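What follows is each chain in one-letter form.
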Amino acid sequence: MGLSATHLLILLLVVVLLFGRNKISDLMGDVARGIKSFKKGLAEEEASPPPADPKVIDNAAQEAAERDRSKAG
């Protein structure tokens, strides 16, 4: 005992009468914009370089620190 085509048609008619056709199309447009924004965010995240590892010290910074230590004492 599921929903038949007649039940679905009546349900759709009630929804259109309650919300109106314009309100439903506005809602669908908002959903579409949200999906596009989400996909754009995922694409930007994949394109961005990975964050730098804080444990890795580049050679220039290490050499500068050693020079400072040797000058200090």
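Our structure's up above, just so we're on the same page.
Residues numbered from 1 in each chain as written. Predicted model: local features only at pLDDT ≥ 70, side-chain atom pairs only at ≥ 80, totals over all residues. Heavy atoms only, no water.

A few words now on the overall build of the protein. The secondary structure content of the protein amounts to three helices and zero strands. When the helices and strands of the protein are placed in sequence order, the string is α-α-α. Expressed as a percentage of its 73 residues, the buried residues of the protein come to 0%. For the protein, the accessible area works out to roughly 7,200 Å², and carbon and sulfur atoms hold 64% of it. (Helix = DSSP H or I, 4+ residues; strand = E, 2+ residues; numbered from the N terminus. Buried < 20%, exposed > 50% of the residue type's maximum accessible area, 1.4 Å probe, protein only. Areas by Shrake-Rupley, 256 points an atom, 1.4 Å probe, with all protein chains shown as cover.)

Let us look at helix α1 (residues 5–19). Over its 15 residues, α1 extends 21 Å from the first C-alpha to the last, a length consistent with the 21 Å expected when each residue adds 1.5 Å. With zero of 15 residues buried, α1 lies mostly on the surface of the structure. Glycine 20 occupies a position one or two residues after α1 and carries a positive phi of about 85 degrees. (Expected span 1.5 Å × (residues − 1).)

So, about a nonpolar patch on the surface. Taken together, the side chains of Leu3, Leu8, Ile10, Leu11, Val14, Val15, Leu18 and Phe19 make up a nonpolar region of the molecular surface, amounting to roughly 800 Å² of accessible area. In this fold, valine 15 is placed in helix α1. Note on valine 15: relative accessible area 31%, which makes it partly exposed. (Patch = residues over 30% accessible without salt bridge, like charges linked within 9 Å, V, L, I, M, F, W, Y side chains within 5 Å. Salt bridge = Lys/Arg side-chain N within 4 Å of Asp/Glu carboxyl O.)

The next thing to look at is the pattern of salt bridges. This structure, assessed with the given rule, holds one salt bridge. Where aspartate 30 meets arginine 33, a salt bridge forms, and the shortest distance between an N and an O atom there is 2.3 Å. Residue aspartate 30 and its partner arginine 33 are both found in helix α2 (residues 21–47); the two are separated by three residues, about one turn of the helix.

Read these as geometric descriptors, not functional statements.
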